[in-house]
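# Architecture and fold: a report
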Amino acid sequence: MPTGTYPKVPRSINVPPSNSQHWNPRPRTFRRSRILAFVALLLLVLVWYSHGPTVEVKKKNKLRNGLSPDGVDWSRYAYSQYATNGAYLCNSIMAFDALEKLGSKADRILFYPDNWDLEVTASDDRDSQLLVMARDNYRVKLIPMHMQSLKAKGKEEDEWEETWDFSINKFLAWNQTQYERVIHFDSDVTLFQHMDDLFFLPETPVAMPRAYWELPKTKKLTSVLVVLKPSNTEYEALMHASYTSEGQVHRFDMEILNDRYQDSVMVLPHRGSILLTGELRNEDHSNYHGNDYDYWDVDEALAETRFVHFSDWPLPKPWIMWPNNLLPEVLPKCKIKPGTPDEAGCRDREVWRALYDDFRTRRKDICRLLSVPAPQWPPPPKMTKPKPKTDDKKDKKGP
Ligand SMILES: *[C@@H]1O[C@H](CO)[C@@H](O)[C@H](O)[C@H]1NC(C)=O
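Below you will find a few notes about this structure. Since we're looking at a predicted model, the values are computed, not measured.

Mapped onto the elements of the fold, Y235 is located in helix 6 (residues 232-244). Measuring from C-alpha to C-alpha, the distance between Y235 and A173 comes to 8.1 Å, with 62 residues separating the pair along the chain. Dropping the residues within four chain positions of it, Y235 is found in contact with F171, W174 and N175.

In structure tokens form, the structure reads like this:
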């Protein structure tokens with residue numbers, strides 16, 4: 001009879017500072033106890049009225065693991081992003097904006113195609129504007145690179161193949177050996193907490209969470225979040241693995257990282273680190289919880305996670321508008337009498353929509369970019385299936 005239980009206490013980072021330890025358990029005099037009561041009341045009122053800022057200040061002053069960020073040489077640690085097109089460049093800028101607002105202290109690096117430039121030649125030269133903004137407003141170190149891509153085949157029906165094709169560019173972070181540690185996270189996310197504490201994990205070549213949505217049948221690691229120790233050897237090895245795998249089906253950054261690190265990785269707990277928007281559409285949350293007795297509360301999940309990753313296939317990524325005829329079947333269902341006028345228990349749906357709205361608003365405000373028009377749904381019959389470049393690769397596909 002497993003009864004649903006709420007996770008008991010929210011994480012300490014979200015709790016307003018408690019003053020209880022400053023109190024004497026048994027005040028010696030009546031007068032003193034009256035003064036104490038008054039002070040307590042005053043503090044209570046103060047905490048009550050300054051709730052938001054108090055939490056923020058606390059966030060900035062202490063890392064999630066309880067360590068103080070003072071006295072750390074933050075130039076030894078960096079967050080890494082890479083951009084291969086304008087949409088992803090904006091995502092990265094939004095991620096840097098969030099890191100800045102959340103008070104992250106570490107360096108920020110961005111790899112971008114070396115044929116882009118920083119000369120703003122026209123008011124609509126958005127890529128150059130965003131690069132300059134990254135450098136000047138968010139203290140991002142810009143690293144021009146010849147961007148690599150894999151010509152491997154993606155899922156036939158996958159509309160976003162290009163995002164996978166270039167995914168090996170996250171390996172570039174391994175070559176930044178001036179850093180002690182680098183954190184890569186995918187940019188199609190909304191960040192709720194910075195991850196500065198993850199720079200201080202015990203020594204390990206990489207730390208990654210599992211692709212929890214594929215548990216328990218596979219125990220794959222997800223490359224959505226990678227804490228890595230830069231190393232030229234590892235960089236070369238990963239690039240070598242990429243090129244020797246070229247042309248194979250489903251061998252992208254994630255597969256390559258799994259092959260290399262599955263038995264030596266430090267597994268980051270996915271719960272409290274990453275949350276997929278698709279989780280809000282699930283009825284069964286046991287994969288996320290790692291058990292079948294915890295009670296799903298979407299607000300709890302949001303409060304504990306570091307970021308939310310937009311993943312609602314077949315719905316496009318949030319910078320692309322929703323095909324209206326697809327939306328109703330994808331929207332999270334209400335818990336009580338779904339689809340009727342009396343439906344209730346729609347918190348998952350509200351939060352889900354708010355996550356998309358928030359992303360789109362920030363995209364407009366920060367990058368001044370409008371959403372890409374919705375694709376046709378269902379997709380028109382494919383005239384141009386994603387094809388391997390050469391015929392010999394087609395032959396290799398085999399059964
Ligand atoms: C990787 O790092 C090495 C040495 O630090 C450097 O010579 C090489 O150019 C780098 N490669 C790339 C692709 O950045």
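Taken together, the seven strands give an open sheet; going across it, the order is 3-2-1-4-7-6-8, and neighbouring strands pair in mixed fashion. Among the strands making up the open sheet, the edge pair consists of strand 3 (140-145) and strand 8 (266-268). Averaged over all neighbouring strand pairs, the angle between strand axes comes to 25°, with direction disregarded. Across six bridges, strand 2 (residues 107-113) lies against strand 3 in parallel orientation. Across the sheet, F111 pairs through a bridge with I143, a residue of strand 3. Sheet contacts for helix 3 (residues 86-101): strand 1 (77-82), strand 2 and strand 3; angle to strand 2, the most-contacted strand, approximately 175°. Its contacts with the sheet place helix 4 (residues 126-137) against strand 2 and strand 3, and it is angled at close to 140° to strand 3.

Another point: the sheet that holds strand 10 (residues 307-309). One open sheet holds the three strands; their spatial order is 5-10-9, and the pairing between them is mixed. Looking along the sheet, the strands with just one partner apiece sit at the ends: strand 5 (189-191) and strand 9 (274-276). The average angle at which neighbouring strand axes cross in this sheet is 20°, direction not considered. Judged from the three bridges that link them, strand 5 and strand 10 form a sheet pairing that is antiparallel. When the bridges of strand 10 are listed, V189 appears paired with H309.

Regular strands place side chains that alternate from one sheet face to the opposite one. Burial of the side chains of strand 7 (residues 225-228) extends over both faces: L225 and V227 are buried on one face and V226 and L228 on the other. In this sheet, strand 7 lies alongside strand 6 (residues 206-209) in antiparallel orientation, the contact comprising two bridges. Counted as the bridge partner of V206 is L228 from strand 7.

Attention shifts here to unusual backbone geometry. Along the chain, L215 connects to P216 via a cis peptide bond; the corresponding omega equals -5°. Looking at where P216 falls in the secondary structure, it is placed in the loop between strand 6 and strand 7. Residue R139 is not a glycine yet carries a positive backbone phi of 45°. For R139, the position within the fold is in the loop between helix 4 and strand 3. Taking the number of C-beta atoms within 10 Å as the measure of exposure, R139 has 11 and is therefore exposed. Positioned with a positive phi, R368 is a non-glycine residue whose angle comes to about 50°. By secondary structure assignment, the location of R368 is in the loop between helix 11 (347-367) and helix 12 (391-397).

In this section: helix 11. In this model helix 11 runs 29 Å from its N-terminal to its C-terminal C-alpha over 21 residues, within 8% of the 30 Å that 1.5 Å per residue would give. Where helix 11 is concerned, the buried positions are D348, W352, F359, R363 and C367. For helix 11, the buried positions fall inside an angular range of 50° around the axis, keeping them on one side. Exposed positions of helix 11 whose direction lies more than 90 degrees from the buried face are A354, D357, T361, K364 and D365. Check the buried side of helix 11 and you find it contacts helix 3, helix 4, strand 5 and helix 9 (298-304). At the C-terminal side of helix 11, R368 shows a positive phi close to 50°.

Counting buried positions along strand 1 gives six out of six residues, so the element sits mostly inside the fold. Burial along strand 1 is two-sided: Y77, Y79 and Q81 facing one way and A78, S80 and Y82 facing the other are all buried. In terms of handedness, the path from strand 1 via helix 3 over to strand 2 forms a crossover that is right-handed.

To continue, consider the packing of helix 3 against helix 11. The packing of two helices is summarised by the inter-axis angle and the distance between the axes. Where helix 3 meets helix 11, the axes come as close as 10 Å, and the angle between the chain directions of the two elements is 90°. In terms of orientation, helix 3 lies roughly perpendicular with respect to helix 11. Residues C90, I93, M94 and D97 of helix 3 lie in contact with helix 11, whose contacting residues are R362, R363, I366 and C367. Its residues assigned to classes, the contact of helix 3 with helix 11 comprises five nonpolar, no polar and three charged.

In this structure, I93, L110, I183, V206 and M208 are the most contacted members of the largest nonpolar core, which totals 69 residues. Among the elements that make up this core, the one with the highest residue count is helix 3 (10 residues). Excluding anything up to four places from it in sequence, I93 contacts L130, M133, A134, I366 and C367.

Within the secondary structure, D299 sits in helix 9. Between the C-alpha atom of D299 and that of D348, which follows or precedes it by 49 residues, the distance is 8.7 Å.

Right, let's talk about the packing of helix 6 against helix 7 (residues 253-261) for a bit. Closest axis-to-axis distance for the helix 6/helix 7 pair is 10 Å, and the angle between their directions is 125°. Taken together, the axes of helix 6 and helix 7 lie oblique to each other. As for the relative orientation of helix 6 and helix 7, their crossing is right-handed in sense. Listed contacts from helix 7 to A237, L238, A241 and S242 of helix 6 are I256, D259 and R260. Along the lines of polarity and charge, the residues of the contact of helix 6 with helix 7 split into four nonpolar, one polar and two charged.

What counts as what
- Residues numbered from 1 in each chain as written.
- Predicted model: local features only at pLDDT ≥ 70, side-chain atom pairs only at ≥ 80, totals over all residues.
- Helix = DSSP H or I, 4+ residues; strand = E, 2+ residues; numbered from the N terminus.
- Contact = placed C-beta atoms within 7 Å.
- Pairing = 2+ DSSP bridges.
- Axes fitted to C-alpha atoms, helices over the stretch in contact; angles between N-to-C directions.
- Buried ≥ 20, exposed ≤ 12 C-beta atoms within 10 Å, placed from the backbone.
- Expected span 1.5 Å × (residues − 1).
- Arc of directions from axis to C-beta.
- Right-handed = clockwise from strand over helix to strand, strands pointing away.
- Parallel < 35°, antiparallel > 145°, perpendicular 65-115°, else oblique.
- Nonpolar A, V, L, I, M, F, W, Y, C, P; charged D, E, K, R; others polar.
- Core = buried A, V, L, I, M, F, W, Y, C linked by C-beta atoms within 7 Å.
- Left-handed = near helix turned anticlockwise from the far one by under 90°.

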